[in-house]
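Spelled out from the first residue to the last, the chains are:
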Amino acid sequence: MTVISFGEGDDADQPAPHVRRAMTFLAAAAAPGRWPHVARHVADVLRANPALAAAAGGGALAALAELDDLDADVLAAVAAHLPEYQQADLDLGVAAIAERLTAHQLASTTDPVTRAQLHTTLARRLANAGLHQRAGVAAGQAVATLRALAETDPGAADPDLAAALYQHCRALVGLGQRTEPLAAIEQAAAIYRRLADVDGAYLPQLASTLYMLGRALSDPGQMQQAIAVAEESVAVYRALVNTDPQAPLADLATALNSLGLRLDMAGRPLEGLGPLRDSLAIRRTLAEADPARFLSDLATSLNNIGGVLPHLDRREEALAATEEALAIRRRLAQINPHAYQVPLAISLSNLGMRLSELGQDDQAVAALREAVATNRALVEINPGANRQFLVQSLYNLAGQLFGFAGRPSDAHRREAAVLGEEAVAVARLLAADRPASYLPLLAKCLNNLSSTLSSLRRDKQALRCIEEAVAIREKLADGNEDNQLADLANSLENLATTLANLRRHKQSRIPQERAAAIRHQLATRRPDAIAAARSLADTSRSLAEVDPDEYLPDLAAALALIHRWD
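Residues numbered from 1 in each chain as written. Predicted model: local features only at pLDDT ≥ 70, side-chain atom pairs only at ≥ 80, totals over all residues. Heavy atoms only, no water.

**Digging into the overall build of the protein chain**
Regarding its fold elements, the protein chain presents 25 helices and zero strands. By the burial criterion, 49% of the 566 residues in the protein chain qualify as buried. (Helix = DSSP H or I, 4+ residues; strand = E, 2+ residues; numbered from the N terminus. Buried < 20%, exposed > 50% of the residue type's maximum accessible area, 1.4 Å probe, protein only.)

Have a look at this one:
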């Protein structure tokens with residue numbers, strides 16, 4: 001057999017391209033059913049230089065995981081050179097190696113803590129690759145083992161239990177679940193808080209767990225709690241970065257991104273923009289230095305800041321950020337569709353909305369159609385996790401067709417009605433499972449479908465939709481929050497219009513008067529908001545005189561809010 005020399009002078013972490021190609025070829029040649037004798041040579045090469053496996057790429061790692069002749073020692077040596085963090089081009093191969101190695105390691109130990117630690121590590125590797133179902137199983141086994149241990153020896157394995165709970169929550173959130181992951185991450189946060197009170201070495205784990213808790217607090221009624229948790233996470237990470245130059249900036253950027261996003265979701269976009277810009281700046285610097293590791297995070301920050309800027313009337317900037325995020329996510333989805341198809345679909349939908357806001361209707365429809373097609377395929381794979389994204393893309397496409405350049409054709413309206421009916425049907429499934437989270441979405445879909453049906457003279461069907469939307473929004477407005485009341489007023493006005501279309505003019509006056517009363521009620525609250533925006537404008541104007549590049553965008557945003565509200 002011809003011997004392939006890997007060269008003694010090669011850098012183990014960055015071997016020459018021909019070396020990487022040779023390893024990939026050998027791994028494929030040694031696959032089961034092909035040339036079994038090659039597997040022995042592959043094992044010899046990896047014993048001498050295990051870093052070559054990772055350098056060869058994710059495909060080679062996955063092929064190596066299939067080789068029966070690679071014993072546990074070789075797999076462990078290879079695993080020691082794999083990154084601990086997510087890396088799009090390696091994650092699937094890393095997960096395959098982890099599954100194979102974990103099976104060997106579990107067979108060689110009966111110690112419950114060791115077994116739980118192995119399952120937790122495996123869960124992290126699987127979740128990094130987007131394999132959330134398998135990650136949930138592994139993390140669930142770790143949690144069950146450690147909870148059983150805690151019954152006989154409370155507190156003995158608290159750090160391991162908290163780590164397992166964190167990974168369990170991460171996997172379940174990836175599967176679209178909410179109740180069980182929230183309970184898991186709340187328990188993990190309580191454990192890490194106790195541990196950090198005694199030993200500051202646990203502060204990074206506490207901050208990370210607080211970030212995940214903020215994500216799990218996803219129902220509208222939990223928004224203020226989510227913001228408070230995100231603020232605490234940012235504060236802990238800032239303290240760590242300020243006191244330890246080696247503390248990971250990437251974690252601070254993640255916490256800042258989460259805080260900014262939640263502030264925007266709470267109707268505070270100007271406050272949210274600051275943390276989002278800080279996160280974006282950190283992630284852009286990190287991605288320039290290590291794109292394989294940080295491009296995904298950069299795309300997330302770009303996507304989120306692209307969603308906030310339109311709320312501040314900065315639409316061109318929003319479009320540029322969204323286009324950059326989409327370009328990155330297209331590349332990542334080609335490498336690992338398991339992990340990046342969902343983010344790709346989100347960016348496609350967001351691109352459609354940004355184009356629509358700028359009047360680029362044809363391009364907007366094309367992007368939204370691609371988003372719908374991508375989300376439909378994802379729902380086939382995992383309905384529970386992906387229905388929410390399908391509803392939003394259907395809603396956006398239907399709305400774009402209905403309002404196409406201000407003059408939709410009959411064909412546009414008919415298609416919008418079909419899409420709107422599908423959106424309502426899927427939103428109804430979501431709301432039946434989690435009413436607190438998805439009843440507002442169902443009401444929004446019903447409200448817009450009613451308008452579309454009215455434009456097609458299907459007034460009786462439109463009336464049924466808008467009556468249901470009003471009923472839902474009346475319940476949601478019990479909390480007297482401005483955004484819920486504004487939505488109710490909008491649906492009441494649509495109800496009045498629909499009744500008038502059916503020549504029920506006397507009945508139409510009742511919802512119209514109720515809507516007017518709500519609008520007046522909201523207007524009496526608005527001066528406080530205007531005063532706050534004017535104060536912010538005055539502050540930004542003074543700062544902009546010193547540093548215009550930094551603070552003129554904030555001044556423009558505050559003036560835009562004043563113009564909108566005054």
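**Some details on the packing of aromatic side chains**
A complete count under the given rule lists one aromatic pair for this structure. Between the NZ or CZ atom of Lys444 and the centre of the ring of Tyr395, over which it lies, the distance is 4.5 Å. (Phe/Tyr/Trp six-rings, centres within 6.5 Å; stacked < 30°, edge-to-face > 60°. Lys NZ or Arg CZ within 6 Å of the ring centre and 35° of its normal.)

**As for helix α8 (residues 132-152)**
The terminal C-alpha atoms of α8 lie 31 Å apart, and with 21 residues this matches the ideal 30 Å at 1.5 Å per residue to within 8%. For α8, the set of buried residues is Ala135, Gly136, Ala138, Ala139, Ala142, Val143 and Leu146. Buried residues of α8, seen end-on, are gathered within an arc of 165° and therefore sit on one face of the element. Those residues of α8 that are exposed and aimed more than 90 degrees away from the buried face are Gln133, Glu151 and Thr152. (Expected span 1.5 Å × (residues − 1). Arc of directions from axis to C-beta.)

**Section: the packing of helix α19 (residues 383-402) against helix α21 (residues 435-455)**
Packing of α19 against α21 brings their axes to within 11 Å, and their N-to-C directions diverge by 25°. Accordingly, the angle class assigned to the pair α19 and α21 is roughly parallel. Handedness of the α19/α21 crossing: left-handed. Every residue of α21 that contacts α19 at Gln388, Val391, Gln392, Tyr395 and Phe402 is listed here: Tyr438, Leu441, Lys444, Cys445, Asn448, Ser451, Thr452 and Ser455. Per-class residue counts for the contact of α19 with α21 are six nonpolar, six polar and one charged. (Axes fitted to C-alpha atoms, helices over the stretch in contact; angles between N-to-C directions. Parallel < 35°, antiparallel > 145°, perpendicular 65-115°, else oblique. Left-handed = near helix turned anticlockwise from the far one by under 90°. Contact = heavy atoms within 4.5 Å. Nonpolar A, V, L, I, M, F, W, Y, C, P; charged D, E, K, R; others polar.)

**Section: the environment of Leu286**
For Leu286, the location among the structural elements is in helix α14 (residues 269-289). Put simply, Leu286 and Asp297 are 11 residues apart on the chain and 9.3 Å apart in space, counted from C-alpha to C-alpha.

**What about the environment of Pro408?**
In this fold, Pro408 is placed in the loop between α19 and α20 (410-433). When its relative accessible area of 17% is taken as the criterion, Pro408 is described as buried. For Pro408, the contacting residues outside a window of four places in its chain are Leu401, Phe402 and Arg413.

**Let's talk about the side chain of Arg413**
On the secondary structure map, Arg413 appears in helix α20. The class of Arg413 is buried, set by a relative accessible area of 17%. Among residues more than four places away in sequence, those in contact with Arg413 are Phe402, Pro408, Thr452, Ser455 and Leu456.

**Quick word on the packing of helix α10 (residues 179-198) against helix α11 (residues 203-216)**
Following both chains from N to C, one finds α10 and α11 inclined at 155°, their axes separated by 9 Å at the closest point. Overall, the two elements α10 and α11 adopt an arrangement that is roughly antiparallel. Of the two possible hands of crossing, α10 and α11 adopt the one that is left-handed. On α11, the residues touching Leu182, Ile185, Glu186, Ala188, Ala189, Tyr192, Arg193 and Ala196 of α10 are Leu203, Gln205, Leu206, Thr209, Leu210, Met212, Leu213 and Ala216.

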